[in-house]
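Chain by chain, the residues run as shown.
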Amino acid sequence: MGKSQQRSKSLGLKFPLSTIGSMNYSLLYNTIHKIIEKEDSDLASLTGKGIFYAPELYLAFIVGKEIKREEASIFGHSTEWIRETNFGNGGPTDFAFKAGKRTYAFELKVRDNYHSYASDIEKLNQLDDNYDKFFVALVDSWESKKDLDERILSLENQFPGQLNRINDFRSFPTLQDRYKGKVCCTLAVWKIQKTRASKTFS
(Lines give C-alpha, C1' and ligand atoms only; values in the text may rest on other atoms or scores of the structure.)
Protein backbone atom coordinates (compact mmCIF):
# COMPACT_ATOMS: atom_id res chain seq x y z
CA MET A 1 0.00 0.00 0.00
CA GLY A 2 1.40 3.43 -0.98
CA LYS A 3 1.86 6.35 1.40
CA SER A 4 -1.19 8.18 0.01
CA GLN A 5 -3.40 5.11 0.38
CA GLN A 6 -2.21 4.61 3.96
CA ARG A 7 -2.96 8.25 4.70
CA SER A 8 -6.50 7.96 3.34
CA LYS A 9 -7.18 4.81 5.30
CA SER A 10 -5.93 6.37 8.53
CA LEU A 11 -8.47 9.17 8.14
CA GLY A 12 -11.38 6.75 8.09
CA LEU A 13 -12.27 7.66 4.51
CA LYS A 14 -13.61 4.18 3.77
CA PHE A 15 -16.70 4.90 5.82
CA PRO A 16 -18.77 7.71 4.29
CA LEU A 17 -22.18 8.54 5.68
CA SER A 18 -25.12 7.11 3.74
CA THR A 19 -28.51 6.99 5.41
CA ILE A 20 -28.57 7.58 9.17
CA GLY A 21 -31.77 8.38 11.04
CA SER A 22 -34.27 10.14 8.82
CA MET A 23 -31.74 11.95 6.60
CA ASN A 24 -30.54 10.46 3.33
CA TYR A 25 -26.94 11.66 2.98
CA SER A 26 -26.27 9.66 -0.16
CA LEU A 27 -29.22 11.29 -1.92
CA LEU A 28 -28.05 14.71 -0.73
CA TYR A 29 -24.65 14.12 -2.32
CA ASN A 30 -26.13 12.73 -5.53
CA THR A 31 -28.54 15.66 -5.81
CA ILE A 32 -25.67 18.16 -5.58
CA HIS A 33 -23.51 16.17 -7.97
CA LYS A 34 -26.29 15.89 -10.55
CA ILE A 35 -27.04 19.62 -10.69
CA ILE A 36 -23.41 20.76 -10.90
CA GLU A 37 -22.60 18.19 -13.59
CA LYS A 38 -25.64 19.37 -15.57
CA GLU A 39 -24.53 22.98 -15.17
CA ASP A 40 -21.04 22.02 -16.33
CA SER A 41 -22.51 20.46 -19.48
CA ASP A 42 -24.71 23.50 -20.17
CA LEU A 43 -21.81 25.91 -19.76
CA ALA A 44 -19.55 23.81 -21.97
CA SER A 45 -22.06 23.92 -24.82
CA LEU A 46 -22.76 27.66 -24.41
CA THR A 47 -19.32 29.07 -23.59
CA GLY A 48 -16.70 26.38 -24.14
CA LYS A 49 -15.97 26.60 -20.41
CA GLY A 50 -17.03 24.39 -17.53
CA ILE A 51 -18.40 24.61 -14.00
CA PHE A 52 -15.69 26.95 -12.72
CA TYR A 53 -16.96 29.67 -15.07
CA ALA A 54 -20.08 29.98 -12.88
CA PRO A 55 -20.17 32.49 -9.98
CA GLU A 56 -20.10 30.95 -6.52
CA LEU A 57 -23.34 32.59 -5.33
CA TYR A 58 -25.15 31.36 -8.44
CA LEU A 59 -24.00 27.79 -7.77
CA ALA A 60 -25.07 28.08 -4.13
CA PHE A 61 -28.50 29.18 -5.36
CA ILE A 62 -29.06 26.37 -7.87
CA VAL A 63 -27.73 23.75 -5.43
CA GLY A 64 -30.07 25.05 -2.73
CA LYS A 65 -33.01 25.03 -5.15
CA GLU A 66 -32.35 21.43 -6.15
CA ILE A 67 -32.06 20.31 -2.52
CA LYS A 68 -35.34 22.07 -1.78
CA ARG A 69 -36.94 20.18 -4.68
CA GLU A 70 -35.81 16.87 -3.11
CA GLU A 71 -36.38 17.88 0.53
CA ALA A 72 -38.90 15.17 1.42
CA SER A 73 -36.54 12.41 0.27
CA ILE A 74 -33.38 14.03 1.69
CA PHE A 75 -34.56 15.40 5.05
CA GLY A 76 -37.68 13.27 5.55
CA HIS A 77 -39.91 16.35 5.95
CA SER A 78 -40.65 19.79 4.50
CA THR A 79 -38.32 22.71 5.24
CA GLU A 80 -38.01 26.45 4.79
CA TRP A 81 -35.25 27.31 2.31
CA ILE A 82 -33.18 30.27 3.56
CA ARG A 83 -30.51 32.09 1.53
CA GLU A 84 -27.51 34.11 2.72
CA THR A 85 -28.54 34.44 6.34
CA ASN A 86 -26.34 35.51 9.23
CA PHE A 87 -26.80 33.13 12.16
CA GLY A 88 -24.38 35.10 14.32
CA ASN A 89 -21.37 32.93 13.56
CA GLY A 90 -19.12 35.39 11.77
CA GLY A 91 -20.94 36.17 8.54
CA PRO A 92 -23.76 35.03 6.26
CA THR A 93 -24.24 31.31 5.67
CA ASP A 94 -24.68 30.55 1.95
CA PHE A 95 -27.95 28.65 2.32
CA ALA A 96 -29.89 26.69 4.91
CA PHE A 97 -33.07 24.69 5.45
CA LYS A 98 -35.11 25.19 8.61
CA ALA A 99 -37.55 22.67 10.08
CA GLY A 100 -38.89 23.61 13.51
CA LYS A 101 -35.94 24.07 15.87
CA ARG A 102 -33.59 22.23 13.48
CA THR A 103 -31.57 24.05 10.85
CA TYR A 104 -29.42 22.46 8.14
CA ALA A 105 -26.70 25.01 7.31
CA PHE A 106 -24.53 24.87 4.18
CA GLU A 107 -21.37 26.69 3.12
CA LEU A 108 -20.22 26.28 -0.48
CA LYS A 109 -16.82 27.16 -1.91
CA VAL A 110 -15.71 26.97 -5.55
CA ARG A 111 -12.10 26.52 -6.74
CA ASP A 112 -10.45 28.07 -3.73
CA ASN A 113 -7.41 27.55 -1.53
CA TYR A 114 -6.98 25.50 1.61
CA HIS A 115 -7.19 28.48 3.97
CA SER A 116 -10.47 29.66 2.48
CA TYR A 117 -11.98 26.19 2.89
CA ALA A 118 -10.72 25.96 6.47
CA SER A 119 -12.15 29.39 7.28
CA ASP A 120 -15.66 28.34 6.24
CA ILE A 121 -15.39 25.15 8.29
CA GLU A 122 -14.37 27.19 11.33
CA LYS A 123 -17.35 29.46 10.73
CA LEU A 124 -19.72 26.49 10.69
CA ASN A 125 -18.10 25.27 13.90
CA GLN A 126 -19.41 28.37 15.66
CA LEU A 127 -23.00 27.17 15.26
CA ASP A 128 -24.59 25.34 18.18
CA ASP A 129 -26.11 21.86 18.37
CA ASN A 130 -29.42 23.00 16.86
CA TYR A 131 -27.66 23.05 13.49
CA ASP A 132 -26.64 20.25 11.17
CA LYS A 133 -23.62 21.71 9.35
CA PHE A 134 -22.40 20.87 5.86
CA PHE A 135 -19.41 22.09 3.87
CA VAL A 136 -19.54 21.75 0.08
CA ALA A 137 -16.39 22.29 -1.98
CA LEU A 138 -16.03 22.20 -5.77
CA VAL A 139 -12.31 21.51 -6.00
CA ASP A 140 -10.28 22.04 -9.17
CA SER A 141 -8.19 18.87 -9.11
CA TRP A 142 -5.61 17.67 -11.59
CA GLU A 143 -7.09 14.77 -13.53
CA SER A 144 -4.16 12.56 -12.50
CA LYS A 145 -4.66 13.35 -8.78
CA LYS A 146 -8.42 13.80 -8.53
CA ASP A 147 -8.75 11.27 -5.71
CA LEU A 148 -5.85 12.63 -3.66
CA ASP A 149 -6.12 16.41 -3.80
CA GLU A 150 -3.87 17.81 -1.07
CA ARG A 151 -6.44 20.41 0.03
CA ILE A 152 -8.99 17.70 0.77
CA LEU A 153 -6.53 15.51 2.64
CA SER A 154 -5.07 18.46 4.56
CA LEU A 155 -8.52 19.59 5.72
CA GLU A 156 -9.30 16.12 7.03
CA ASN A 157 -5.98 16.11 8.87
CA GLN A 158 -6.57 19.54 10.40
CA PHE A 159 -10.09 18.67 11.61
CA PRO A 160 -9.74 15.02 12.72
CA GLY A 161 -13.07 13.43 13.53
CA GLN A 162 -14.97 16.57 12.56
CA LEU A 163 -15.22 16.15 8.80
CA ASN A 164 -17.37 13.18 7.84
CA ARG A 165 -17.75 12.46 4.14
CA ILE A 166 -21.43 12.01 3.35
CA ASN A 167 -20.58 9.88 0.31
CA ASP A 168 -17.57 8.71 -1.68
CA PHE A 169 -16.33 11.83 -3.45
CA ARG A 170 -16.68 11.84 -7.24
CA SER A 171 -15.08 13.89 -10.01
CA PHE A 172 -15.82 14.77 -13.60
CA PRO A 173 -13.59 16.39 -16.26
CA THR A 174 -14.31 20.06 -16.92
CA LEU A 175 -13.23 22.68 -19.44
CA GLN A 176 -11.19 25.64 -18.19
CA ASP A 177 -8.53 28.08 -19.38
CA ARG A 178 -6.61 28.77 -16.17
CA TYR A 179 -4.22 25.82 -16.44
CA LYS A 180 -2.60 23.97 -19.33
CA GLY A 181 -3.18 20.54 -17.79
CA LYS A 182 -6.43 18.60 -17.69
CA VAL A 183 -8.60 19.49 -14.70
CA CYS A 184 -11.50 17.78 -12.98
CA CYS A 185 -14.14 19.12 -10.64
CA THR A 186 -14.11 17.04 -7.47
CA LEU A 187 -17.25 17.38 -5.39
CA ALA A 188 -16.41 17.20 -1.68
CA VAL A 189 -19.26 17.29 0.82
CA TRP A 190 -18.70 16.86 4.54
CA LYS A 191 -21.01 16.87 7.52
CA ILE A 192 -19.29 18.78 10.32
CA GLN A 193 -19.24 17.34 13.81
CA LYS A 194 -18.64 19.72 16.71
CA THR A 195 -16.44 17.31 18.63
CA ARG A 196 -12.81 16.70 17.78
CA ALA A 197 -13.12 13.12 18.97
CA SER A 198 -12.54 10.58 16.23
CA LYS A 199 -15.70 9.13 14.73
CA THR A 200 -16.41 6.87 11.77
CA PHE A 201 -19.66 5.63 10.27
CA SER A 202 -20.51 2.34 8.63
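Preceding block: the structure.
For the structure given in this document, a descriptive report is provided here. All of these numbers come straight from a predicted model, not from anything done at the bench. Within any chain, residue numbers begin from 1 and follow the written order of that chain's sequence. For this predicted model, a pLDDT threshold of at least 70 governs which residues receive local features, and a threshold of 80 or more governs which side-chain atom pairs are given and counted, while totals over whole chains, interfaces and linings are taken from all residues. Only hydrogens and water are set aside when side-chain values are computed; all heavy atoms of the structure are taken into account.

## Describing the packing of aromatic side chains
Note the following rule: Within 6.5 Å between ring centres, the rings of Phe, Tyr and Trp (the latter by its six-membered ring) count as paired, and their orientation is classed by plane angle as stacked under 30 degrees, edge-to-face over 60, tilted in between. Runs of E in the DSSP output that reach at least two residues are strands. Runs of H or I that reach at least four are helices, and both are numbered from the N terminus. Per-residue accessibility, obtained with a 1.4 Å probe over protein chains only, is compared with the maximum for each type, and a residue is labelled buried under 20%, exposed over 50%, and partly exposed between these values.
In total, this model carries 13 aromatic pairs according to the counting rule given. Residues Y25 and F134 carry aromatic rings whose centres are separated by 6.2 Å and whose planes lie at 45° to one another, so their mutual orientation is tilted. In this pair, Y25 is assigned in helix 2 (residues 25–47) and F134 in strand 6 (residues 131–142), connecting sequence segments 109 residues apart. For the pair Y25 and F134, one class covers both residues: buried. With a centroid separation of 4.8 Å and an interplanar angle of 15°, the aromatic rings of F106 and F134 are classed as stacked. Of the two residues, F106 is situated in strand 5 (residues 102–110) and F134 in strand 6; the sequence distance between them amounts to 28 residues. Residue F134 is classed as buried on the basis of its relative accessible area, which comes to 0%. Ring pairs connect the aromatic residues Y25, F75, F95, F97, Y104, F106 and F134, which therefore count as one cluster.

## Digging into the pattern of salt bridges
Short version of the rule: Between Lys or Arg on one side and Asp or Glu on the other, a salt bridge is scored when a side-chain nitrogen of the former is within 4 Å of a carboxyl oxygen of the latter.
For the structure on display, the rule yields twelve salt bridges. A salt bridge links D149 to R151; its shortest N-O distance comes to 2.9 Å. Given the relative accessible area of 9%, D149 is considered buried. When salt bridges with common partners are traced through the structure, they connect E56, K109 and D120 into a single cluster.

## Describing the pairing of strand 4 (residues 92–99)
The condition that has to hold: Pairing between strands is defined by DSSP: at least two bridges between them are needed.
For strand 4, the tally of buried residues reaches six of eight residues, placing the bulk of the element in the interior. Pairing analysis gives six bridges linking strand 3 (residues 80–86) to strand 4, with the strands arranged antiparallel. Looking at the pairing, E80 lines up with K98 of strand 4. Here strand 3 hands over to strand 4 after five residues, with G88 in that stretch at a positive phi of 80°. Strand direction decides the pairing type here: strand 4 and strand 5, joined by five bridges, are antiparallel. Paired with F95 across the bridge in strand 5 is F106.

## Digging into the state of the cysteines
The condition is simple: A pair of cysteine sulfur atoms is labelled a disulfide when the two atoms are within 2.5 Å.
Following the criterion strictly, the structure yields zero disulfides and no others. Between C185, a cysteine without a disulfide, and C184, which holds the nearest cysteine sulfur, the sulfur-to-sulfur distance is 8.6 Å. Its relative accessible area of 0% is what places C185 among the buried residues.

## Description of the nonpolar core
Put simply, the test is: Joining through side-chain atoms within 4.5 Å is the link that ties buried Ala, Val, Leu, Ile, Met, Phe, Trp, Tyr and Cys residues into a set, and such a set is a nonpolar core. Whether two residues are in contact is decided by their heavy atoms: any pair within 4.5 Å suffices.
With 51 residues, the main nonpolar core has L28, I36, I67, F106 and L138 as its most contacted residues. With sequence-adjacent residues up to four places away left out, L28 is seen in contact with M23, I67, I74, F106, F134 and I166.

## What to know about unusual backbone geometry
Phi is positive for E84, which is not a glycine, with a value near 45°. Relative to the helices and strands, E84 resides in strand 3. In this structure E84 comes out as partly exposed when scored by relative accessible area, which is 44%. In this model, R111 sits at a positive phi of 45°, which is unusual for a non-glycine residue. In this fold, R111 is placed in the loop between strand 5 and helix 5 (114–125).

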